[in-house]
Amino acid sequence: MTQFVDIGALEDIPVQGARLVRTAQGCIAVFRTADDRVFALDDRCPHKGGPLSEGIVHGTSVTCPLHNWVFDMNTGAAQGADDGQVGTYPARVEGGRVLLDASALPRHSAA
Amino acid sequence: MKKKLVIIGAGMASGRMLEHLFDAAPDLYDVTLFNEEPRGNYNRLMLSPVLSGEKTYEEIVTHDAGWYETHGVTCRFGEPVVRIDREAKVVHTNYRSAEYDALVIATGSAPFIIPVVGKELPGVVTYRDLEDTHAMIDAGIAGKDAVVIGGGLLGLEAAAGMAARGASVTVIHLMDHLMERQLDPAAGYLLKKDLESRGIKVHCKGATKAILGHERAEAVLLEDGTVYPADLVCMAVGIRPETRIAVDAKLEVERGITVDDSMRTTDPSIFALGECVEHRQQLFGLVAPLYDQARVLAQTLQGEAAEFRPVQTATKLKVTGCDLFSAGDFADGEGREDIVFRDPGRGIYKRLVLKDNRIIGIVMYGDTADGNWFYGLLKDGTDVSEMRDTLIFGPAFQGGGAPDPMAAVAALPPEAEICGCNGICKGQIVEAVQGGATSLDAVRAQTKASGSCGTCTGLVEQVMQFTLGDDFTAAAPACMCGCTDHSHEDVRRLIKSMGLKSIPAVMQELGWKTPGGCHSCRPALNFYLLAEWPTEYRDDRQSRFVNERNHANIQKDGTYSVVPRMWGGVTTPAELRAIADAADKYDVPMVKVTGGQRIDLLGVSKEDLPHMWADLNEAGLVSGHAYSKGLRTVKTCVGKDFCRFGTQDSTGLGIRLEKLLWGSWTPHKVKLGVSGCPRNCAEATCKDVGVVCVDSGYNISVAGAAGMEVKETEHLASTPSEDEAVEIITAFIQLYRENAKYLDRPYKWVAKVGLDWVIERVVDDLAGRQALVERFELSQSVYRKDPWAAHSTDRERAKWAPMADFTLEAAE
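Residues numbered from 1 in each chain as written. Chains lettered and ligands numbered in written order. Predicted model: local features only at pLDDT ≥ 70, side-chain atom pairs only at ≥ 80, totals over all residues. Heavy atoms only, no water.

When helices and strands are tallied, chain A shows 1 helix and 10 strands. Along its sequence from the N terminus, chain A presents helices and strands in the succession β-β-β-β-β-β-β-β-β-β-α. Counting only residues that meet the buried cut, chain A has 50% of its 111 residues in that class. About 4,800 Å² of surface is accessible on chain A, with carbon and sulfur atoms providing 45% of the total. (Helix = DSSP H or I, 4+ residues; strand = E, 2+ residues; numbered from the N terminus. Buried < 20%, exposed > 50% of the residue type's maximum accessible area, 1.4 Å probe, protein only. Areas by Shrake-Rupley, 256 points an atom, 1.4 Å probe, with all protein chains shown as cover.)

In structure tokens form, the structure reads like this:
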């Protein structure tokens, strides 16, 4: 069952940037695209653990700052020659607020 | 005994003719070359880039003094021939005479001046040679009004060039649409719109009545009563063959000097070449047929049989960012059919005129990539009935294969023309490559391909790649990244010439293929924009690599390292205490001295960064920019105050340089070293800029490296004065900022442009040097800021922490 919770204002996330949400199982990066859509992904690149939240956001992709792996934020899949996947979480914007599906967050697996 | 060859006119046609002649028969003639212009041969096609400031005269010279000397040519520059005595076979100038066995008249053409009132006023110029170009540049037209009369090729190039120099330009054109000889009305309309979007006014159907003004030109009056203010009026309504000398000599002259197929005039000892000739009732203005004539005449002069057969030529407009292609005949007529493609949203228009299933005319605007392919079909008279359905979409869509540029090049026949300016076909390039020319420069030197207007450079490279296979390494990657077909150099040039002032503007205007660029092009664009428009551009933080966005170096585990600036490597006990306190307070796992004489605090979490900066700021420390594509460190030795060998105050100079240059963004990191004597304890000779102080002053050297490559610096200048040393170094850094490709260290950039070019600008040219320094200071007035101070406020600090925390909830 989905259970969207308010994690903050869209304005708190820089355009083409990201902010973190801390969970018991690690951090989730919440990205904002140039056209104000949001995506939530695990903040760890499967390659060497780079913080995706610090990557450059382009279109609906993000490039890991450590070794330039590129991930499609829709699917969490690595693009191009690289092979890997990061977890994605349902997220949306409503009335300028960012909502994240709490039921999908890793804390439930810990509970 | 060598025969005597006299040539009147040192233009592109006669220059090319001499090349052919010396290649084939270097010892056949004693050559004397007269020229009215006080110089030898330069590439007239490139006057537009000189006018717009994209090139200098030196860059367009095709034959320098050394070339003439090597080939034993007697040069009489600035000395026009006034009379030909055909009886005695002698030409006369006002000073001397010269005998000839063979005479070549290559006097070119003169601009046509329309006979209106005011045409002699100062401020009215033509656009034909270097003097005209300089007259326009020297008029200091930035911010002033200019009117160009004539909307043909030359007029539009003059207009775009003056607009690029900041003039407010109006083009007056007599006909219904621009470039009516090359374009149909639809393409002419798009061109007009394109020019108007760059701020150039266009007035079609405008007949000039008079040029108004008393002391000098002030305005242009049209027949319909319109008046345009004009500080400068450029007449570019057309050219006529320069035939006066031939008329006086009683040679047969119609519109031009009449020649036969071997380029011989009605006097068997006299030949004519270039824009001054008329061949079978036809005149020639484009360069390709002139080069054909040059080849034919060179053979004729060797006593070989050769025939000039003019071929169809294609036209391109050399105005940056205007893509236009035209060839053949596109007028309406019996039995002609049109295939037209329009995409108004993108400003693209393509039209093919067909007759009997063969292309006879091509007009393209906005997207001319397939121009040469269509042109090949036109020239070969290929029957296109089979591919008619998809013809307009170009070669990629023929046969249903994926659009592979290499396949298209591979499919071209050997006689397909690659370089239109020089009439070089694929076979000649392949031959040159197989003969050992494996770099673009070598191919250019041997065949001239891509050596004139340069628009075919990509195609030439593709032919080379096709011939060499994996052995080919392009001189530079053709494009910036997968998001665009433009190279870094093109993008920089276009940002400037098109006045693009934001990343979205660049992406929109230059046709980016991705919606938001990528991690490779965005940081480069951000730098190019801030370097070009320091006072207008707003830095885009999200287009910066993580290190610059967070003002610290990211480490492999996602923590950061913090390096406070220590000017010239000098610190104080108080600063050291503050650093030690910060290391304690934020549990820094490692404190290390860097290679550049600074202290590195490793392993700091992102959230702690702004707090730590605030503490360090309080002790007077600012960011060391150890993370930046910008000035890093100035490494020093102890200098004369302490060292028994030290000369000059090298430590003081290092501090002075660091305080001047810090905070500046550059294409890549920049490191300096200042040593107090040739023992070079600061290792200045493997830095981007190194100074070695000696008794007589300061030896400045540049372009060293000690990273992926190890390279000693090269000597830039020596000066007794510390002030001058500082000025030269500042100018060097600014020249690097303005010209280098993003992520090229100075040593790579200097290797590309040549140290001599750099020396000319930052050492020899005093005014140029000072202008560079001024532009650097202007940029610094905006960008020299301590990022730590800006981010250590409470409000900013909050942004460095997570926006939500679910760990507490989970613990319940």
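The rest of the description comes next.
When its secondary structure is counted, chain B shows 28 helices and 39 strands. The buried share of chain B, reckoned over its 812 residues, is 53%. Restricting to contacts in chain B with at least 6 residues of sequence separation, those with at least 24 account for 62%. Approximately 35,800 Å² of chain B is accessible, and the part contributed by carbon and sulfur atoms is 50%. (Contact = heavy atoms within 4.5 Å.)

Glancing now at the UniProt feature "binding site: [4Fe-4S] cluster" (unreviewed entry) in chain B. Residue and element names in this part refer to chain B. Feature annotation in UniProt places "binding site: [4Fe-4S] cluster" (unreviewed entry) on Cys637, Cys643, Cys677 and Cys681, given in this structure's numbering. Spanning 45 residues, the named residues form one tight spatial group whose C-alpha atoms are at most 10.7 Å apart. Structurally, the position occupied by cysteine 637 is in the loop between strand S32 (631–636) and helix H21 (650–661). Judged by its relative accessible area of 16%, cysteine 637 is buried. Looking at the secondary structure, you find cysteine 677 in the loop between strand S33 (670–675) and strand S34 (689–694). Judged by its relative accessible area of 8%, cysteine 677 is buried. (UniProt positions renumbered as here; feature names shortened; annotations may be inferred.)

Moving on to the interface of chain B and chain A. Contact with chain B, which involves 32 residues of that partner, is made by 31 residues of chain A. At the boundary of chain B with chain A, total buried surface from both sides reaches about 2,500 Å², with 59% on carbon and sulfur atoms. When residues of chain B are sorted by the area they lose upon contact with chain A, B:His519, B:Met803 and B:Phe806 head the list and together hold 32% of the total. Close ionic contact of B:Asp805 with A:Arg22 constitutes a salt bridge, the shortest N to O distance being 3.9 Å. The tally of links between chain B and chain A comes to 13 residue pairs in polar contact (both at pLDDT 80 or more). Mapped onto the side of chain B that touches chain A, the elements with two or more residues apiece are helix H17 (521–532), helix H18 (546–550), strand S39 (804–805) and helix H28 (807–811) of chain B. Of the residues assigned to the side of chain B that touches chain A, the class counts are 14 nonpolar, 9 polar and 9 charged. When strand S2 (residues 17–23) of chain A meets S39(B), the two strands line up parallel, connected through 2 bridges. Each bridged residue has a counterpart across the sheet, and for A:Val21 the counterpart in S39(B) is B:Ala804. (Buried area = accessible area lost by both parts, 1.4 Å probe. Salt bridge = Lys/Arg side-chain N within 4 Å of Asp/Glu carboxyl O. Polar contact = N/O pair within 3.5 Å; in protein donor to acceptor, adjacent residues only side chain to side chain. Nonpolar A, V, L, I, M, F, W, Y, C, P; charged D, E, K, R; others polar. Pairing = 2+ DSSP bridges.)

A few words on the sheet that holds strand S13 (residues 208–212) of chain B. Residue and element names in this part refer to chain B. With antiparallel pairing, the 3 strands of this open sheet are ordered in space as S13-S14-S15. Where the open sheet ends on each side, the last strands, each with one partner, are S13 and strand S15 (227–229). In this sheet, adjacent strand axes meet at a mean angle of 20 degrees when their direction is disregarded. In this structure, S13 lies alongside strand S14 (residues 219–222), joined through 4 bridges in antiparallel fashion. Bridge pairing in S14 links isoleucine 211 to valine 220. (Axes fitted to C-alpha atoms, helices over the stretch in contact; angles between N-to-C directions.)

A few words now on the pairing of strand S35 (residues 697–702) of chain B. Residues and elements named next belong to chain B. Where burial is concerned, most of S35 is hidden: 5 out of the 6 residues are buried. As consecutive antiparallel partners, S34 and S35 are separated by 2 residues. Here 5 bridges tie S35 to strand S38 (residues 714–719), and the two strands are oriented antiparallel to one another. Bridging across to S38, isoleucine 700 finds its partner in alanine 717.

Turning next to the pairing of strand S11 (residues 168–172) of chain B. All names here are of chain B. Counting buried residues along S11, 4 of its 5 residues qualify, which places the element largely inside the surrounding structure. Pairing of strand S10 (residues 145–149) with S11 involves 5 bridges; the strand directions are parallel. Across the sheet, the residue bridging to alanine 146 is valine 169, located in S11. Handedness of the β-α-β unit built from S10, helix H6 (residues 153–164) and S11 comes out right-handed. (Right-handed = clockwise from strand over helix to strand, strands pointing away.)

The subject of this paragraph is the packing of aromatic side chains. All names here are of chain B. Across all of its chains, the model carries 16 aromatic pairs over all chains by this definition. Seen from their ring centres, tryptophan 67 and tyrosine 68 are 5.5 Å apart, and the 85 degrees between their planes marks the pair as edge-to-face. Per residue, the accessibility class of tryptophan 67 equals that of tyrosine 68, and both read buried. In this structure, arginine 39 is placed above the aromatic ring of tyrosine 57, and the distance from its NZ or CZ to the ring centre is 5.6 Å. Sitting over the ring of tryptophan 567, lysine 659 keeps its end group 5.3 Å from the ring centre. (Phe/Tyr/Trp six-rings, centres within 6.5 Å; stacked < 30°, edge-to-face > 60°. Lys NZ or Arg CZ within 6 Å of the ring centre and 35° of its normal.)

What follows concerns the state of the cysteines. Residues and elements named next belong to chain B. Within the structure shown, the criterion is met by 0 disulfides over all chains. Here cysteine 681 is not cross-linked by a disulfide; its sulfur's nearest cysteine counterpart is in cysteine 637, at 5.9 Å. Given the relative accessible area of 59%, cysteine 681 is considered exposed. (Disulfide = S-S within 2.5 Å.)

Let us look at the UniProt feature "binding site: siroheme" (unreviewed entry) in chain B. All names here are of chain B. UniProt marks Cys681 with the feature "binding site: siroheme" (unreviewed entry), using the numbering shown here. Tracing the sequence through the fold places cysteine 681 in the loop between S33 and S34. Leave out the neighbours within four places in its chain, and cysteine 681 touches Cys637 and Ser675.

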